[in-house]
Each structure stands twice: as C-alpha cells, then as structure tokens.
Amino acid sequence: MGKLQTPETAYFQKVERNRGCVANRRTKDYVNNGIRLLVVFMVIVYSTKTTNALPPPSSPSVDFIILHNATELGAGVSPSKPTPYPSGNDPNKVNLHFLQNAKELGAVCLDGSKPGYYFSKGFGSGSNNWLIHIEGGGWCDSIESCYNRTLSPYGFGSSKFMGEEIAFSGILSSNKSQNPDFYNWNRVKVHYCDGASFSGTPMSENENTTRNNLFFRGKLIWDAVMDELLNLGLSNAKQAFLTGCSAGGLSTLIKCDSFAEFFPNEVKVKCLSDAGFFMDEKDMFGGLTMRSFFHEVVKLQGVETNLNKHCLAELKPFPGSLSQCLFPQNFVKYIKTPLFLVNPTYDWWQIGNILHPPTLNDGWVNCTNDIALCNKSQLQKLHGFRHSMLKELTKYKKQKNMGMFIDSCFAHCQTDSDKWHLHSPKINNKTIAEAVGDWYFNRKTVHEIDNGLYRHNPTCSNKVWE
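Residues numbered from 1 in each chain as written. Predicted model: local features only at pLDDT ≥ 70, side-chain atom pairs only at ≥ 80, totals over all residues. Heavy atoms only, no water.

## Structural notes on the state of the cysteines
Going by this rule: Sulfur atoms of two cysteines make up a disulfide when they are within 2.5 Å. Think of it this way: any DSSP run of H or I at least four residues long counts as a helix, any run of E at least two long counts as a strand, and we number them from the N terminus. Each residue's exposure class comes from its accessible area (1.4 Å probe, protein chains only) as a fraction of the maximum for that residue type: buried when under 20%, exposed when over 50%, partly exposed otherwise.
This structure, assessed with the given rule, holds six disulfides. Linked covalently through their sulfurs, Cys256 and Cys271 form a disulfide whose S-S length is 2.2 Å. Around the S-S axis, the bridge from Cys256 to Cys271 shows a dihedral of about 100° and counts as right-handed. You can see Cys256 sitting in helix H8 (residues 247–260) and its partner Cys271 sitting in strand E7 (residues 268–274), a full 15 residues away along the chain. Pair check on accessibility: Cys256 and Cys271 agree, each one buried. Covalently, Cys409 is tied to Cys460 through a disulfide, its sulfur atoms 2.0 Å apart. Across the S-S bond of Cys409 and Cys460 the torsion is about -70°, and the bridge reads as left-handed. Here Cys409, found in strand E9 (residues 402–411), pairs with Cys460, found in the segment after strand E10 (447–449); they are 51 residues apart in sequence, far enough to count as distant. Assigned by exposure class, Cys409 and Cys460 land together as buried.

Below, the structure written as structure tokens:
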C-alpha cells in the first residue's frame, strides 16, 4: 500500500468505520456513494411497506461489523454491483441465469428471492471441461445481521441487486494470456446469497425467521444449482474444478468431496480454496472472537448437519464449540479429493477480523487497513499470526494430493482478479495461475511457500484495492 500519499492510503483515510454498525461509507466517489445509499433507502422503504421486517439493529454487534468488512471492504470478492472488475476482463459480458424452479424446491436466498449464477460456455478443447467458482462475501450470525444482508447492494442476501451481466476476470477469464490453462472451459460463478457458505438448512427456521421473511436454505441452493448445471452438461465433464474465494473458499472445502461424487472415477476432479483457510486463532487480547462468531452462524442457520463427520467425531464438540469443525485446520485433513490452497500469510481480512476484532477502536484501524502504516509492535503481532498460519499449513506440505501457493502478501482473495496471473505475486518465479496449472494437470508437485516476512517478496503489491 505504500506511503501516506499513495492512492491506496488516501482511499482508506476516507473510509469511515462506524462502530455503531452503520454501513461503512466510501467517500472516494461521492456521486456513486449517493446513488448506492439512495438504492438502499428505496429498498428499506419498500421492505417496510410490504413485509413485517425486523428493523436494522440499533446496537453494535461483532457479526454485523464483520459483515460490513466483508461487503464494504471487499472480503475477497469482486462484487457484481456496483464495483467494476479490474482490468483484464472478458471482452464479452457474461449473462445471469436465475435458478429454475428455485421456489418450488425451496432453494431461495435469505430474502426468498431466486438464486442465480453466471455462465460462460466453453469452447474448443475446453468444451467438455468445467470450472465452478463460488463467490465469497462473509456470513451472518443473527436475525438482525441476516436481515441487513438482504438490503446489501452487493446482493449477499438477495438476488435483487444482481447485475444482468458481469465481466469475468482471473481464473474465470476467457483471455488465454491472463488465464492460460482454463480460459476456454465452461466457467460458472455461483452467486452467494445465503450467509452460511451454502451450508444453512431450513430445520433452523422458526417463527422469528418467518416473521422477518428470512430463509436459511444454503444447502438447498447448492444442491439445486448443481442439479441444474449437471443438466446443462456438467454431467458429461471430462475434467471438473471446484473453486471459490473467502467464504466461497470455505464453501469449496466443505463441498469438495461431495462435488467429486457427482462424477465417475475416470473424470479428473479437483478443488481450489482461495483465502478460505480461516484460522481458529485467539485475538490479540486472548479472546476467541472468530470461534464465537462461527458458533453463532452454525447455531442460527443449522449448519451442523453439513460439518465434516470425521471432524465432529474426533473433536466431539460440546455445546458451544460446534464452530471448531467449521475451521479448515480441523477438517482439511479428511478431504479425499485433490485440493489446492491459495492463501496470503498476511491475510488482511483475517488480520482485521480475527487477530484484531473490528469492534475495538484502539489505534489499530490504520494498520489493519494498510500494513505499511503498522508500527514495529503491530508488525510483530502480524508476524505472529503469519507464523500460526504457516504452522497449520506446513502440516500438509508432503501430501501428494495437496498443492499450495502461500505467499507473504497483504492480500485476501487473489484468484478471481488480475492477481491470478497478470499481476500475480510470484514464488520461485511462478505466478499463482502457473502453479495451479502445474498442479491440476500433474505437470509437477506444487508446494510453494514464501518463507519471507512482509516486504520480502517484491512481487507482492500489498494493495487490497488496485
């Protein structure tokens, strides 16, 4: 992110982090900001008139602040609306497809709207190969925060704000120079609108959720999307690749083995989780903020039935600790399908939500927004978090079926943007795209881990916003 005079720092200086759980406002572009607020206001008015909806929360809550970091600060996603994708997009826009028979199947977003996905048909040698990418965007752990997701202009609780068409980038690009191995595959981006990494179940719905028109149907959405894609040609795939970033990266880890079960043994099926290795780490004050948050997500949305059974049997979670089997470090070892992990050790989202809970206002805000503004003491804390992540990840370094690209950048999701290849960090002179391609096509074993501290790798941009 550089010095105080860089555009990146100037941007974050303009970000107002309202601790009363009011949405963070981008002040870089006042016109766009005003339009966005106007849209949200119109939706609120409409919702108030047509539903017996619960009003937004009036008091701070950790989950909602985490949600706003997820949506306003990116959370590793490239939103369909209103933020444009970076350069390197497909020359043609990719159309939105609403899920057929969604309401008949009960497979609906948090607000009851139809889920959707974006689909770009494969061509040439990639006509029978499929890449599915699961969108990220945080989680919600309370009625209040889930309700507020339904009003998000990024559509993380609804499909009402989804663009009719978007441009694909990174691992989804159709440009061979920017996506050398998967550019001509059938490429799908699954819109995320359930708030529980596609793992919520209607068994957790009750009078309170019904009164507020909320639906916890993440698992049903995923099953319905897969059924529709299988009918579109996924069932005839010669090669299949399930990918996702952030909350979508966690979804990928949860769904990986069940995804592989859709295909015969002769089909090459692999998975990639980008910035989905969320750490069960104590925050800098000794608390387990993220574990508590994940527990509320599990309890509210009925996620327990979708947690890894081997993990549950091993840890034998007691009431209040079910969230432990939502942390990848506790269940990745049970995944049988070949898996690739992409993760920065200075994961800015985890630093700003796990290491340092966003409810605190103690002078860390500049550091968590811009690593270049961290003082020596703060950097030592960040180095400690990095060490904890490496300790967990290096356990899998010798597993043949697992590949990894673990850089030392201050970043979050890197595969669905130009950081995939065009502006990718490099380890041993390999971009992320090149490393993943070598691994997927069995060209070589890939366990790329950048052992240097922050600023050691000159190919890291260390900029969340390009």
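## Notes on the packing of aromatic side chains
Aromatic rings in a pair are described by how distant their centres are and how their planes are angled relative to each other. Here is the rule we go by: We call Phe, Tyr and Trp rings a pair once their centres come within 6.5 Å, taking the six-membered ring for Trp, and we label the pair stacked below 30 degrees between planes, edge-to-face above 60, and tilted otherwise. Should the NZ of a Lys or the CZ of an Arg lie within 6 Å of a ring centre and within 35 degrees of the ring normal, that charge is described as sitting over the ring.
Per the counting criterion, the structure on display carries 25 aromatic pairs. For the ring pair Phe241 and Tyr440, a centre distance of 4.8 Å and an interplane angle of 45° mean the geometry is tilted. Of the two residues, Phe241 is situated in strand E6 (residues 239–245) and Tyr440 in helix H14 (residues 432–440); the sequence distance between them amounts to 199 residues. Since its relative accessible area comes to 0%, Tyr440 is described here as buried. Counting every residue linked through ring pairs, the aromatic cluster contains Phe182, Trp185, Phe241, Phe340, Trp439, Tyr440 and Phe441. Its guanidinium or amino end placed over the ring of Trp439, Lys270 lies 4.6 Å from that ring's centre, counting from NZ or CZ. Directly above the aromatic system of Tyr440 lies the positively charged group of Lys270, at a separation of 5.4 Å from the ring centroid.

## Details of helix H7 (residues 218–232)
We count it as follows: Multiplying one less than the number of residues by 1.5 Å gives the expected span of a helix.
In this model H7 runs 21 Å from its N-terminal to its C-terminal C-alpha over 15 residues, within 8% of the 21 Å that 1.5 Å per residue would give. Every buried residue of H7 is listed here: Gly218, Ile221, Trp222, Ala224, Val225, Met226, Glu228, Leu229 and Leu230.

## A few points about the pattern of salt bridges
Going by this rule: Note on definitions: salt bridges are taken to be side-chain nitrogens of Lys or Arg within 4 Å of carboxyl oxygens of Asp or Glu.
The full count for this structure, using the stated rule, is 10 salt bridges. Across the pair Asp280 and Arg291 runs a salt bridge whose closest N-O atoms are separated by 2.9 Å. Note that Asp280 is positioned in the loop between E7 and helix H9 (289–301) and Arg291 in helix H9, a separation of 11 residues in sequence. With relative accessibility at 22%, the residue Arg291 sits in the partly exposed group. Here Asp438 ties to Lys430 by a salt bridge, and the two come within 3.1 Å at their closest N and O atoms. Residue Lys430 is classed as partly exposed on the basis of its relative accessible area, which comes to 25%.

## A closer look at the pairing of strand E3 (residues 129–134)
The cut-off we apply is this: Here the rule is simple: two strands pair whenever DSSP picks up at least two bridges between them.
The buried fraction of E3 is high, at six of six residues. In E3, alternate side chains face the same way, and those of Asn129, Leu131 and His133 on one face and Trp130, Ile132 and Ile134 on the other are all buried. For E3 and E6, the ladder comprises six bridges, and the chain directions are parallel. From the neighbouring strand, Ile134 faces E6, where its bridge partner is Gly244. The sheet contact formed by E3 and strand E5 (residues 186–190) spans five bridges and is parallel. Pairing of Ile134 across the sheet is with Val190, part of E5.

## Topic: unusual backbone geometry
The phi angle at Asn442 is positive, at roughly 60°, despite the residue not being glycine. Looking at the element boundaries, Asn442 is found in the loop between H14 and E10. By relative accessible area, Asn442 is classed as exposed at 55%.

## Focus on the environment of Asn457
What counts, and what does not: Only heavy atoms matter for contacts: two residues are in contact if any of them lie within 4.5 Å across the pair.
If you trace the backbone, Asn457 turns up in the segment after E10. Of the residues examined, Asn457 reaches a relative accessible area of 8% and is grouped as buried. As a C-alpha pair, Asn457 and Asp407 span 50 residues in sequence and 8.3 Å in three-dimensional space. Residues in contact with Asn457, not counting those within four places in the same chain, are Ser408, Lys426, Ile427 and Asp450.

## Notes on the sheet that holds E10
Applied cut-off: To define axes, lines are fitted to C-alpha atoms, for helices over the stretch in contact only, and angles between the resulting N-to-C directions are given on a 0 to 180 degree scale.
Taken in spatial order, the 10 strands of this open sheet run E4-E1-E2-E5-E3-E6-E7-E8-E9-E10, and their pairing is mixed. Lying at the two open borders of the sheet, with one neighbouring strand each, are strand E4 (165–166) and E10. Where helix H11 (residues 348–355) meets the sheet, its contacts fall on strand E8 (339–347) and E9, and the angle it forms with E8 comes to roughly 65°. The sheet contacts of helix H13 (residues 376–393) involve E8, E9 and E10, and relative to E8 the element is tilted by about 165°.

## Re H9
Given a rise of 1.5 Å per residue, 13 residues ought to cover 18 Å, and the 19 Å separating the end C-alpha atoms of H9 matches this to within 8%. Of the residues making up H9, those classed as buried are Thr289, Met290, Phe293, Phe294, His295, Val297, Val298, Leu300 and Gln301.

## Notes on the packing of H11 against H13
This is how it is decided: For classification purposes, an angle smaller than 35 degrees is called roughly parallel, one larger than 145 roughly antiparallel, one from 65 to 115 roughly perpendicular, and anything else oblique. Under this grouping Gly is polar, as are all residues other than the nonpolar Ala, Val, Leu, Ile, Met, Phe, Trp, Tyr, Cys and Pro and the charged Asp, Glu, Lys and Arg.
Their axes nearest at 11 Å, the elements H11 and H13 cross at an angle of 105°. For the element pair H11 / H13, the angle class is roughly perpendicular. Touching Gln350, Ile351, Ile354 and Leu355 of H11 are Lys381, Leu382, Phe385 and Met389, all from H13. For the contact of H11 with H13, the per-class residue count stands at six nonpolar, one polar and one charged.

## Focus: the nonpolar core
So the rule is basically this: In this description, a nonpolar core means a group of buried Ala, Val, Leu, Ile, Met, Phe, Trp, Tyr and Cys residues linked to one another through side-chain atoms lying within 4.5 Å.
Core analysis: the biggest nonpolar cluster contains 83 residues, and Trp139, Phe259 and Leu382 have the highest contact counts within it. Ranked by residue count, the leading element in this core is H7, at seven residues. Other than its neighbours up to four places away in sequence, Leu382 contacts Tyr346, Ile351, Leu355, Trp364, Cys367, Ile371 and Cys374. Counting 25 residues, the second-largest nonpolar core is a separate cluster that includes Leu172, Trp185, Phe241 and Ala433.

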